[in-house]
Structures are given as structure tokens and as C-alpha cells.
Amino acid sequence: MLAFASAVEPLRIANRMSGQTLYSFTLLSETGEPVRCSNGARLIVDGPLGEVGHDDVVIVCGGSEIRTTSARGVINWLRRIGRKGPVIGGVCTGAHTLAEAGLLNGRRATIHWENYDGFIEEFPDVVLTRSVFVIDGNRMTSAGGTASIDLILALIADDHGKDLANAVSDQLIHAAIRTDRDMQRLSIPTRIGVRHPRLSRVIETMEASIEDPVSPAELAEDVGMSTRQLERLFRRYLNRSPKRYYMELRLAKARNLLMQTDLSVINVALACGFASPSHFSKCYRAQYGTTPYRERGAQGIEDEAGAEPAGPEWDSAGEP
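Residues numbered from 1 in each chain as written. Predicted model: local features only at pLDDT ≥ 70, side-chain atom pairs only at ≥ 80, totals over all residues. Heavy atoms only, no water.

(A) Up close: the overall build of the protein chain. When helices and strands are tallied, the protein chain shows 16 helices and 10 strands. Dimensions of the protein chain along its principal axes, counting C-alpha atoms only, are 70 × 45 × 35 Å. Among the 320 residues that make up the protein chain, the fraction classed as buried is 42%. Side-chain charges of the protein chain comprise 36 positive and 40 negative groups, with the mean position of each set lying 4 Å from the other. (Helix = DSSP H or I, 4+ residues; strand = E, 2+ residues; numbered from the N terminus. Buried < 20%, exposed > 50% of the residue type's maximum accessible area, 1.4 Å probe, protein only. Lys, Arg positive; Asp, Glu negative; His and termini not counted. Charge placed at Lys NZ, Arg CZ, Asp CG, Glu CD.)

(B) Local environment of the pairing of strand β9 (residues 133-136). In this structure, β9 lies alongside strand β10 (residues 139-142), joined through 4 bridges in antiparallel fashion. Across the sheet, residue valine 134 finds its bridge partner in β10, namely threonine 141. Where β9 hands over to β10, the hairpin turn is made up of 2 residues, of which glycine 137 adopts a positive phi near 65°. (Pairing = 2+ DSSP bridges.)

(C) Local environment of the nonpolar core. Grouped together as the largest cluster of nonpolar side chains are 35 residues, with contacts concentrated most on Phe234 and Phe280. A per-element tally of this core places helix α12 (residues 242-260) first, with 8 residues. Apart from the residues within four sequence positions on either side, phenylalanine 280 is in contact with Leu251, Ala254, Val265, Val268, Ala269, Phe274 and Pro292. Judged by nonpolar contacts, the second largest core, of 22 residues, contains Trp77, Ala99, Leu103 and Val126. (Core = buried A, V, L, I, M, F, W, Y, C linked by side-chain atoms within 4.5 Å. Contact = heavy atoms within 4.5 Å.)

(D) Representation of the packing of aromatic side chains in the model. Within this structure, the stated rule accounts for 5 aromatic pairs. Both rings, one in phenylalanine 280 and one in tyrosine 284, keep their centres 5.8 Å apart while their planes meet at 70°; by these two values the pair is edge-to-face. Of this pair, phenylalanine 280 and tyrosine 284 both sit in helix α14 (residues 277-288), 4 residues apart, which is roughly one turn of the helix. Take phenylalanine 280 and tyrosine 284: they sit in the same class, and that class is buried. Here the aromatic residues Phe274, Phe280, Tyr284 and Tyr288 are joined through ring pairs into a cluster of three or more. The ring of tyrosine 116 carries arginine 130 above its face, with NZ or CZ at 3.6 Å from the centroid. (Phe/Tyr/Trp six-rings, centres within 6.5 Å; stacked < 30°, edge-to-face > 60°. Lys NZ or Arg CZ within 6 Å of the ring centre and 35° of its normal.)

(E) Expanded view of the pattern of salt bridges. What the rule picks out here adds up to 11 salt bridges. The salt bridge partner of arginine 12 is glutamate 9, with a shortest N-O separation of 2.8 Å. Placement of both arginine 12 and glutamate 9 in helix α1 (residues 2-18) is noted, with a separation of 3 residues, approximately one turn of the helix. Since its relative accessible area comes to 27%, glutamate 9 is described here as partly exposed. For arginine 244, the salt bridge is made with glutamate 248, and the minimal N-O distance between the two is 3.7 Å. Taken together, the residues span about one helical turn, with arginine 244 and glutamate 248 both in helix α12 at a distance of 4 residues. A network of salt bridges, in which partner residues are shared, links Glu51, Arg80 and Lys84. (Salt bridge = Lys/Arg side-chain N within 4 Å of Asp/Glu carboxyl O.)

(F) Summary view of the state of the cysteines. This model, assessed by the stated rule, comprises 0 disulfides. Just so you know, cysteine 283 is unpaired, no disulfide at all, and the nearest cysteine sulfur is the one on cysteine 272, 12 Å from it. (Disulfide = S-S within 2.5 Å.)

(G) Local environment of the sheet that holds strand β5 (residues 57-62). Here 4 strands make up an open sheet; going across it, the order is β5-β6-β10-β9 and the pairing mixed. Strands with a single pairing partner mark the edges of an open sheet, and in this sheet they are β5 and β9. Direction aside, neighbouring strands of the sheet carry axes that sit 10° apart on average. (Axes fitted to C-alpha atoms, helices over the stretch in contact; angles between N-to-C directions.)

(H) A look at the packing of α12 against α14. Two elements in contact, α12 and α14, have axes whose closest approach is 10 Å; the angle formed by their N-to-C orientations is 95°. Relative to α14, α12 is oriented roughly perpendicular. From α12, Arg244, Met247, Glu248, Leu251, Ala252, Ala254, Arg255 and Leu258 reach across to α14, where they touch His279, Phe280, Cys283, Tyr284, Gln287 and Tyr288. Here the contact of α12 with α14 is built from residues that sort into 9 nonpolar, 2 polar and 3 charged. (Parallel < 35°, antiparallel > 145°, perpendicular 65-115°, else oblique. Nonpolar A, V, L, I, M, F, W, Y, C, P; charged D, E, K, R; others polar.)

(I) Focus on the environment of valine 127. Residue position: valine 127 is located in strand β8 (residues 127-129). For valine 127 and threonine 97, which are 30 residues apart along the polypeptide, the C-alpha to C-alpha distance reads 15 Å. Those residues in contact with valine 127 that sit more than four places away from it in its chain are Arg107, Arg108 and Ala109.

(J) Structural view of unusual backbone geometry. One non-glycine residue, cysteine 92, adopts positive backbone phi at about 55°. Its location among the elements puts cysteine 92 in strand β6 (residues 87-92). On the basis of relative accessible area, cysteine 92 is assigned to the buried category, the value being 14%. Backbone geometry places asparagine 239, a non-glycine residue, at a positive phi of 55°.

(K) Expanded view of the side chain of serine 142. Here serine 142 shows up in strand β10. If we ignore the near neighbours within four places in the chain, the residues touching serine 142 are Gly90, Val91, Cys92, Thr110, Val132, Phe133, Ala147, Ser148 and Leu151.

None of the figures reported here should be taken as evidence of function without further support.
Given below as C-alpha cells:
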């Protein structure tokens, strides 16, 4: 609902501030029936999906569990109207529905950071970014939440000038208008609550190297420290070892992939740097209290797929 309201309200306020009807909008659902938001609120819409004019702008708003809630009728409708050339956008997880319809192939796009890992695995032909919003030709996407405000303000500025966009932003108490060059997540120092350049660099390397984990010795060398110094740094600021922190990052990505894609558990394990499926299952259970197979809802395959293959012993960080 936040992404939806953040897309609609700037349009209403632009009309109010200008004293003109600069924008009109119509709310549609697949059948014309009310739509229930993930917070339980019900939205009354103006009608079912219908014809779209060449000058219309279509915006798809997606919520949680987008892979199971993207209706086939909506996807087929998007494919059909996409051939007519209108501007089509997706806010929050709406980018997933656009990608399912093939409307983002070869285009730059963005999606909420929580859905990033699953999206990039499922739609390799989309040039996915971590930007707050992206406008690529007649396709536009925003990352969710208040990112819709920034996308719509960019459209208002393009249509009617920056002064009006700034006035709308001021009415929304939206102090800083973000651009398509701004990233959607907080900086690493802000997220971890620590401003330490070397620690931030190590964590940045970890986040960029989930599939092929970098050893603690390499991480330490990269920032001009010994392995022991790196260990003390993590213990001091994050109360865990570098290996433990790295493991938590890898398992968090694994959980996202399990919940958001149809990748097999083995392929999820490989995408997160685990060469042994049974070790992946063991680590996952220790972190989340369930196995990846049960998380996915698969039954009857754990013993077969999770059998420990012959190979090296593994330590607590998943390294041979």
C-alpha cells in the first residue's frame, strides 16, 4: 500500500498545487473487483482491465508473494498492450510482473532489494540495478515503498518543470528528492551502525562474493590487515567472527532464493557458495530452525538430495 499511495498522491498534489487537472488516474484490477492489500485494506477500483491509449501510462503495483499473485490474465493483458507502445511501469514488485510479460528484456530495471536475488536468477535478460528507480525508454520501475515518490516526481519534473516537482515534494515532507543514480539501500556503515572504512570494505567484498566466497586471509590482505586483526575487528564491532558474518550473508541470500525462485535446493546451495548440499542443509537448519527442503515445502527428497557426498571435511564456516 505504501508503494501504491506513494505513486498516486504526488499526482493528486501536483493537480492541487498547479490549480489544474494535470493528471487523471484510473484504478483497475483484472476483473474489476476490489483488491486486498497485504495489510488487509481493501481498495475499490474503477473497473476491469480494458483498452489503453497510446498516450496513457500504465503502472503495475505489486506486493508480497508476487510470484504466486501475478495473475495470468494480467500478464497476457500487459503483453497485448505492450505492443501498442505506451509507457508501462512497475512499482515495488510490479517489475516482476512486467518481466514475466517479457516487457523488460534487454532493459534496465530495478526492484525492491529483498527481491533482487530471486529476480536476477529468474530473468537474466533484464539488466537489473539497485537504483531507487529506473526509466529506460517507455519502461519504468521503482524499488518499492517511498521510491514511488521519487519516480513520479521525476515524471512531474519532466512534464511540468522542477519547480512543481519541488513543491509537491515539499507538500509530502519528502526532504530530499532521489534520482535514478541513488541506491535504494542504506550504506554499509549505516546498516551495521559502525563507521570503520576497513570493516565496510570487507563487508562490501563479502556481499559481492556470495557465490564464490573469499577466504578470511584474502579479505584481510585486501584491506592491509592480518587475519588475526580482521578477527578482532569483527569481534569488537559485530560480536561475531568474519566467517560467521559471511555465513549469515550467504544463508540470507539462500533463504531469498528458496522463497522467491524455483531453483532446486542444490542450485540454491551452489549459488550461495556451498559445494555440499548436506552441509548447506545443516547450516541452514542451525540458522533458521528448519531445513531448506522444508522451507521450500518439499517432502520425501531430503535424504536423497541431502546425502553427504564423498569429499573433504567442512569447518563451521562452510570452507573445506
